[in-house]
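# Close look at the chain arrangement
If you want the building blocks of each chain, they are given just below.
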Amino acid sequence: MLCHLTARRVFIFKQFMAARYLSLVQEKAFVNGVWTEAKSGTTFDVVNPYNQSVVAKVPDMSTGDAEKAINSAYEAFRTWQNVPAKERSSLLRKWYQVVDSNKEELAKIITAESGKPLKEALNEVLYGNSFIEWFSEEARRIHGEIIESPVGTREIMVVKQPIGVVGLITPWNFPIAMITRKAGAALAAGCTCVVKPAEDTPLTALALAKLTEEAGFPKGLFNVVTCSRDNAPAVGKLICESPKVAGISFTGSTNVGKLLYKQCAQGVKRIGLELGGNAPFIVFDSADIQKAVGGAMASKFRNCGQTCVSANRFLVQENVFDQFVSMLKQEMVQQLRLGDTTKPENNLGPLINQPQLEKVESIVKDALQKGANLHVGGNRASSVGPLFYEPTLLTGITPDMRCYNEEIFGPVVTVIKFKSEEEALDIANNTHSGLAGYFYSSNMAQVRRVAKQLCVGMVGINEGIISTAEAPFGGVKESGIGREGSHHGIDEYTFIKYLCVGNL
Ligand code: ADP
């Protein structure tokens, strides 16, 4: 009897969870607090990269639709900018709570549209939601200053104010976190948002919008405009050039980032860019090789290598080179399991789409044609699914190979041998990118020197995974402008106003 009751409860719970999941999968965009179709009535398919099934259809919006979203955010800003920080904080806190209550369903949506392993998707929801939580707290800590005036009859006051409507254009590799990292800070500062999620992963953004509704957000605060790749340039241009938009925050490819930067120049818009990386991962002779291999696995294979902070070039000092390569190969063969990423036993998913698969494949072919040594992998894993690629390990890498300079964004490890610290730093810094860098060493003087000399915005020292809401995320050189997360993240969405109080 007891067993029967428990089974029934489990059944009811499962039904409830399924209904909750379905209620979060929205097939309309979210504009001015209303679930909306494209004016043209057209839609595009959201495809599961694991098996190519169509998960949902969402509106293929164009500039007219985006204009409405901008107008709604503009109207909402009139009120939101004056809402006391404590109330903004409370509303964000409610959003955090409803996201937390729906974390399992959100993770399923992320896996369905991005192919990310379910466990990683759940971690991403927790990570993404940590930005909402963090910025709900930071909302109350946006402080001004009072500065000593040189004139006795005056007082100099400095206040920080929200910049206005912000356009947030986001990628597919972290469908929730790349939105919350921006929107959390923007809303905390008193800005309102128009989000343009990636065409591969719009459902997570729409689910987030649904949860803003449940958290009681006023209309117009958080708008989501979905569009296909074909419409993205026009919609992006409108968001950059609209006089009602005060700033843009973009995470994505370097090429698109540069285009948006140009488009924002006309209106001298505030811009935050988080673009491609080409992260070096250096292993010095003094390193703990076991730990370095663990860090390499985590940094390289999370999300199938499709993160902008993934290690892209492994540089290993000559005395530990063979040991590192053989231990890493062993880990790759033993640990990585390709397959249906909704199943907990599989930890390596497909690439996001066909162009990405072809890019990874051509980078490996190029290296092999130019003389690289293949230790494992090197082919599509078509028997698992159409977008799978085998975990691949290459050595004998030379500067003429594409993998030496290009961001691979796939499950491919390339290992370069070096002799001296100076040589490692030369190779590491010889790139236009500068997002993350990693190194393993147990020599404290070397740790200090190398940390200082790596030309990147973030350094993992004896660590392969470093992102957290508390720390500033961002790059130097062509990897970007501005910082997200941490207390610096709010600065992207505020401007400084000087008030001179005279004749006192
Ligand atoms: P990826 O190549 O990894 O898809 P992109 O930089 O192309 O990276 O895409 C990141 C985001 O930028 C997505 O939301 C995409 O739709 C958007 N995007 C792509 N091209 C443009 C463009 N010309 N203007 C504005 N947004 C764009």
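Note: the structure precedes this text.
Below or above, wherever it landed, is the structure these notes cover. Remember, it's a predicted structure, so these values are computed and weren't measured experimentally. The residue count restarts for each chain, going from 1 along the sequence in the order it is written. A pLDDT threshold of at least 70 governs which residues receive local features in this predicted model, and a stricter bar of 80 or more applies before side-chain atom pairs are shown or counted, although totals over entire chains, interfaces and linings include all residues. Only hydrogens and water are removed before side-chain values are computed, so all heavy atoms of the structure are retained for them.

### With respect to the site of the ligand
For this description, a residue counts as near a given molecule or strand if any of its non-hydrogen atoms is within 4 Å of it. Lining the immediate surroundings of the ligand are 17 residues, of which T170, K196, E199, R229 and S253 lie closest. Under this definition, polar contacts are N or O atom pairs within 3.5 Å; protein pairs additionally need one hydrogen-donor-capable and one acceptor-capable atom, and for neighbouring residues in sequence, both atoms have to be side-chain atoms. Within the contact set of the ligand, an oxygen atom lies 2.5 Å away from a side-chain nitrogen or oxygen of E199. Contacts to the ligand include R229, whose side-chain N or O atom sits 2.5 Å from an oxygen atom. Shrake-Rupley sampling with a 1.4 Å probe provides the accessible areas, and residues are treated as covered by the protein chains on show and by no other component. Coverage of the ligand by the protein chains reaches 87% of its 550 Å² of free accessible surface. When its residues are assigned to classes, the shell around the ligand shows ten nonpolar, four polar and three charged. Note on residue classes: Ala, Val, Leu, Ile, Met, Phe, Trp, Tyr, Cys and Pro are nonpolar, Asp, Glu, Lys and Arg are charged, and everything else, Gly too, is polar.

### Some points on the sheet that holds strand β20 (residues 494-501)
Here we have three strands laid out as an open sheet, ordered β5-β6-β20, and antiparallel in their pairing. A single partner strand is all that each edge strand has here, and the edge strands are β5 (145-147) and β20. For this sheet, the mean inter-axis angle between neighbouring strands, taken without regard to orientation, is 25°. Note: strand β6 (residues 155-162) against β20, eight bridges, orientation antiparallel. Strands pair, by our definition, only if DSSP identifies at least two bridges between them. Working definition: helices are DSSP H or I runs of at least four residues, strands are E runs of at least two. Numbering for both runs from the N terminus. To get an axis, fit a line to the C-alpha atoms, keeping to the stretch in contact for a helix; angles then go from 0 to 180 degrees between the N-to-C directions.

### Description of the pairing of β6
Pairing geometry for β5 and β6, over three bridges, is antiparallel. Counted as the bridge partner of I147 is I156 from β6.

### Quick notes on the packing of aromatic side chains
Classification of ring pairs rests on two measures: the distance between centres of Phe, Tyr or Trp rings, Trp counted by its six-membered ring, which must be within 6.5 Å, and the angle between planes, read as stacked under 30 degrees, edge-to-face over 60 and tilted in between. One pass over the full model with this rule turns up twelve aromatic pairs. Ring centres of Y127 and F131 lie 5.0 Å apart, and the angle between their planes is 75°; this geometry places the pair in the edge-to-face category. Note that Y127 and F131 are positioned in helix α5 (residues 118-138) at a spacing of four residues, about one turn of the helix. Judged by its relative accessible area of 17%, Y127 falls in the buried class. For the exposure calls, accessible area comes from a 1.4 Å probe over protein chains only, and a residue counts as buried if that area is under 20% of its type's maximum, exposed if over 50%, partly exposed in between.

### A look at the layout of surface pockets
Looking at the second largest pocket, its volume works out to about 590 Å³. In terms of lining residues, the second largest pocket is bounded by 25 residues, among which K119, E120, N123, A298 and R302 are the most central. Those elements giving two or more residues to the lining of the second largest pocket turn out to be α5, α10 (289-301) and α11 (321-335). Partitioning the lining of the second largest pocket into residue classes produces eleven nonpolar, five polar and nine charged. An automatic or database domain assignment is the source of the domain bounds shown. The two domains that each donate at least three residues to the lining of the second largest pocket are domain 1 (18-275) and domain 2 (279-473). Here a cavity is any set of points on a 1 Å grid over the protein atoms alone where a 1.4 Å probe fits but cannot get out, and a pocket is any open set with protein on both sides within 12 Å along at least 5 of 7 lines; a residue lines the site when it has an atom within 4 Å of a point. Grid points are joined across faces, edges and corners, and a volume is the space filled by probe spheres set on the points.

### Topic: the environment of K237
Positionally, K237 belongs in helix α8 (residues 232-241). Along the sequence, K237 and L338 sit 101 residues apart, while their C-alpha atoms lie 39 Å from each other.

### A closer look at the side chain of S486
Considering the arrangement of structural elements, one finds S486 in the loop between β19 (480-481) and β20. Ignoring anything within four residues of it in the chain, the contact list for S486 reads W134, F135, A469, E470, A471 and P472. Here, residues are in contact when the closest pair of their heavy atoms is within 4.5 Å.

### What to know about the pattern of salt bridges
As a working rule, side chains carrying opposite charge can pair if their charged atoms are close by. Whenever a carboxyl oxygen of Asp or Glu lies within 4 Å of a side-chain nitrogen of Lys or Arg, that contact is scored as a salt bridge. As enumerated under the stated definition, the model contains 23 salt bridges in all. Between E137 and R93 there is a salt bridge, and its shortest N-O distance comes to 3.9 Å. With E137 in helix α5 and R93 in helix α3 (residues 85-101), this residue pair connects regions lying 44 residues apart in the sequence. Salt-bridge contacts for E213 lead to K210; the nearest nitrogen and oxygen are separated by 3.7 Å. Remark: K210 and E213 occur in helix α7 (residues 202-215); sequence separation between them is three residues, near one turn of the helix. With a relative accessible area of 18%, K210 lands in the buried category. One connected set of salt bridges, linked through shared partners, spans R181, K182, E274 and E484.

### With respect to the packing of helix α2 (residues 63-80) against α8
For the pair α2 and α8, interaxial distance at closest approach is 9 Å and the crossing angle is 35°. The handedness of the crossing between α2 and α8 comes out as right-handed. Of the residues in α8, those touching α2 at T63, A66, E67 and I70 are A234, V235, L238 and I239. Residue composition of the contact of α2 with α8, by class: six nonpolar, one polar and one charged. Handedness of a crossing follows from how the near helix is turned relative to the far one, being left-handed for an anticlockwise turn of less than a right angle and right-handed for a clockwise one.

### Brief notes about the environment of K477
Within the secondary structure, K477 is located in the loop between β18 (458-461) and β19. Separated by 20 residues in sequence, K477 and G457 place their C-alpha atoms 9.1 Å apart. Of the polar contacts made by the side chain of K477, one reaches the backbone oxygen of N429; its length is 3.1 Å.

### Points about unusual backbone geometry
Phi is positive for N462, which is not a glycine, with a value near 60°. Of note, N462 is situated in the loop between β18 and β19. A relative accessible area of 33% means that N462 is categorised as partly exposed. Its identity as a non-glycine residue notwithstanding, K477 has a phi of 50°, on the positive side.

Functional significance is not addressed by these values, which are geometric in nature.
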